[in-house]
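# Notes for the structure review
What follows is each chain in one-letter form.
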Amino acid sequence: MDKLMTASVFFSEVNWENMWDATLETIYMTVFSLVLTFLFGIILGLLLFLTARGQLWENKTAHFIIGAYVNIFRSIPFIILIVLLIPFTLALLGTFLGPGAAVPALVIGAAPFYARMVEIALREIDRGVIEASKAMGASNGQIIWKVLLPESMPALVSGITVTAIALVSYTAMAGVIGAGGLGDLAFRDGFQRNNPDITLTATVVILIIVFILQFIGDQLTSRLDKR
Amino acid sequence: MISLSQLAKIFPTKDGDVTAVDHIDLTIDQGEIFGVIGYSGAGKSTLIRMLNMLEAPTSGAVEVAGRNMNSLSGRKLREARQEIGMIFQHFNLLWSRTVAENIAFPLEIKGVSKAEQKERVDELIELVGLSGRGGSYPSQLSGGQKQRVGIARALANNPKVLLCDEATSALDPKTTDSILDLLVDINQKLGLTIVLITHEMHVIRKICHRVAVMEGGRVVEQGDVLDIFRRPQQAMTKEFVKQVTEPEETEEALRHLFDDERTGSVLQLTFVGGDAQRPLITNIVRKFEVDVSILQGKISQTQHGSYGSLFISVTGPQAEEAIAFMREQQVEVEVIHGG
Ligand SMILES: Nc1ncnc2c1ncn2[C@@H]1O[C@H](COP(=O)(O)OP(=O)(O)O)[C@@H](O)[C@H]1O
Ligand SMILES: [Mg+2]
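Residues numbered from 1 in each chain as written. Chains lettered and ligands numbered in written order. Predicted model: local features only at pLDDT ≥ 70, side-chain atom pairs only at ≥ 80, totals over all residues. Heavy atoms only, no water.

## Regarding helix α6 (residues 99-123) of chain A
The terminal C-alpha atoms of α6 of chain A lie 35 Å apart, and with 25 residues this matches the ideal 36 Å at 1.5 Å per residue to within 8%. Considering bend angle alone, the principal kink of α6 of chain A is centred on L106 of chain A and spans about 30°. (Helix = DSSP H or I, 4+ residues; strand = E, 2+ residues; numbered from the N terminus. Expected span 1.5 Å × (residues − 1). Bend = angle between axes of the 7 residues up to and from the residue.)

## Details of the confidence of the model for chain B
Chain-level statistics for chain B give a pLDDT mean of 90 and a share of 97% at 70 or above. Here the predicted complex scores 0.85 on pTM and 0.84 on ipTM. (pLDDT = per-residue confidence, 0-100.)

## Brief notes about a nonpolar patch on the surface
There is a patch of nonpolar side chains on the surface, built from W20, L24, I27, V31, V35, L39, F40 and I43 of chain A and spanning about 760 Å² of accessible area. Position of W20 of chain A relative to the elements: it lies in helix α2 (residues 16-50). (Patch = residues over 30% accessible without salt bridge, like charges linked within 9 Å, V, L, I, M, F, W, Y side chains within 5 Å. Areas by Shrake-Rupley, 256 points an atom, 1.4 Å probe, with all protein chains shown as cover. Salt bridge = Lys/Arg side-chain N within 4 Å of Asp/Glu carboxyl O.)

## A few points about the side chain of H209 of chain B
Counting through the fold element by element, H209 of chain B comes out in the loop between α7 (201-207) and β9 (210-215). For H209 of chain B, a relative accessible area of 15% gives the class buried. (Buried < 20%, exposed > 50% of the residue type's maximum accessible area, 1.4 Å probe, protein only.)

## Side note on the confidence of the model for chain A
Detailed reading of the predicted coordinates is not advisable wherever pLDDT is low. Of all residues in chain A, 95% have pLDDT values of 70 or greater, and the mean over the chain is 89. When pLDDT is averaged over each helix and strand of chain A, the minimum, 49, is found for helix α1 (residues 2-7) of chain A and the maximum, 96, for helix α7 (residues 127-135) of chain A.

## With respect to the packing of aromatic side chains
Note on aromatic pairs: each is described by the distance of the centres and the angle between the planes. The full count for this structure, using the stated rule, is seven aromatic pairs over all chains. Note on F187 of chain A and F191 of chain A: the rings are 5.8 Å apart at their centroids and 20° apart in plane angle, and the pair reads as stacked. On the criterion of helical spacing, the pair formed by F187 of chain A and F191 of chain A is a turn pair, its members being four residues apart in helix α9 (residues 181-192). Taking relative accessible area as the criterion, F187 of chain A reaches 28% and is therefore assigned partly exposed. By relative accessible area, which is 60% here, F191 of chain A ends up exposed. Seen in terms of ring centroids, F288 of chain B and F325 of chain B are 5.6 Å apart; in terms of plane orientation they differ by 55°. Their pairing is tilted. Pair noted here: F288 of chain B is in the loop between α11 (280-287) and β12 (291-302) and F325 of chain B is in helix α12 (residues 319-328), with a separation of 37 residues, a long-range link. F325 of chain B shares its class with F288 of chain B; the two are buried. (Phe/Tyr/Trp six-rings, centres within 6.5 Å; stacked < 30°, edge-to-face > 60°.)

## Points about the pairing of strand β3 (residues 33-37) of chain B
Residue and element names in this part refer to chain B. Here β3 lies mainly inside the structure; five of its five residues are buried. Burial of β3 is two-sided: the residues I33, G35 and I37 facing one way and the residues F34 and V36 facing the other way are all buried. In the sheet, β3 pairs with strand β8 (residues 193-198) via five bridges, with the strands oriented parallel. For I37, the partnering residue across the bridge sits in β8 and is T198. Relative to β9, β3 runs parallel, the two sharing four bridges. Following the sheet pairing, G35 is matched in β9 by V211. (Pairing = 2+ DSSP bridges.)

So, in structure tokens, the structure goes:
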């Protein structure tokens, strides 16, 4: 396998084993942080929506605090956020190196981003539908689980697709501070050692990952959308 | 079945307080179809939404099916709401659920077992005439079909009362009629009390037993539909009655005739109930030396009998006597020109 690869004329500098490992690391970071982002983003987005004026859990203070958190963390450039969070990651995981260590920063950076999309998706739901559910005697929990989440599902899925793609690029940045993955490979082996082949290959792999994510997201969204 | 006493709702807004419902007293009996009519902004929606506490009253009391709705909260209120069905102008169905799943929704809320849910859903689909459409999504249905789903959903938990907020206002006239027929059918089959609000007198005429006319948050007139049609008291009520009895072009067509010297007296005759069937015109033509020409006429059916209005012109030497004779009959006569 190795021989075959190194024998090829182009991309002779590419170590395919390293490339494969880096790809796995990127996928690991993306998927793991995506799952957590989905959970926290939905919780935050729901809270943001429900505490707004005229909604089920209307609460000015809570709404303000969640809104401020979301806005602040959404505005900090990810590369800065990840550096800022080094002490936090260290306290949480005992290290700030490796793909696992990137996850807290990825989630903290991406969840507020997704939460806004969740809030927008929930606001798109017709008020009349929520009101009809109340008129039928639904509890707030039933409204959340049986109305808000299912009715906004296509928008939630297309939002998480956008977030997933953002996460892939975040993982590349996380790579720079030692999280591994394709970004790390492209930077260290490709850029710093002057191997443009490696940078180019890593880019192509990232693009393929993005296209696959987009494709899955689009398929799911259109399958869920019964409007 | 429903009684409202001194019920009021005031919305505080930036531009000051808006009194949407102004101290209304109203009683609605078991099994009747009660209509509330009024123009947009009269406070109808606010009123009907206070019946199931979607809107909390500012003051006053609401009693529905023996429960004092004001005093309920939390679980108690949710249980009371399960006994009050509601349908809406824009249907408010869950588009992510099929027809059958939409109808099952209130059953799920109540915690009915899956097997029972299925049985009940099948019954309801049949009842509202949607057999075979259980697997469709709302987006695949017409407006009338969507409202049928809304009705089935509202009936799922065997409510005692059905509230209809402009339930036919988004539908075309033909579909409106079929939905109204369905409501009457349900009222008779299930003995359900129906409260409906509308701005169309046609809806009141077609299915209501009693009606209240609302203006500026108050009930300005109420009574049996037939009585209201026969003798509307308030200007507002007269306007609504005209919606049904006088086709829009009537006034224009008649005014045209007034300009004609030979027209004679133009009368509007209003028949109610059995009167509508009596041969009044034949009688006066036989008895008096008059010529009668019929300008326009219409008979409408209400839940309590027929109601008609007829525009005629009377000419000839004995016109006065003929008019006097008609006045003695059980017919409202209004001379709208000449005489
Ligand atoms: N949530 C609200 N806040 C402020 N004003 C309201 C609200 N809901 C209704 N109103 C006002 O109350 C009045 C009656 O409204 P509504 O009950 O919707 O009338 P209708 O259903 O007869 O058209 C209107 O003047 C409307 O502007
Ligand atoms: Mg209204």
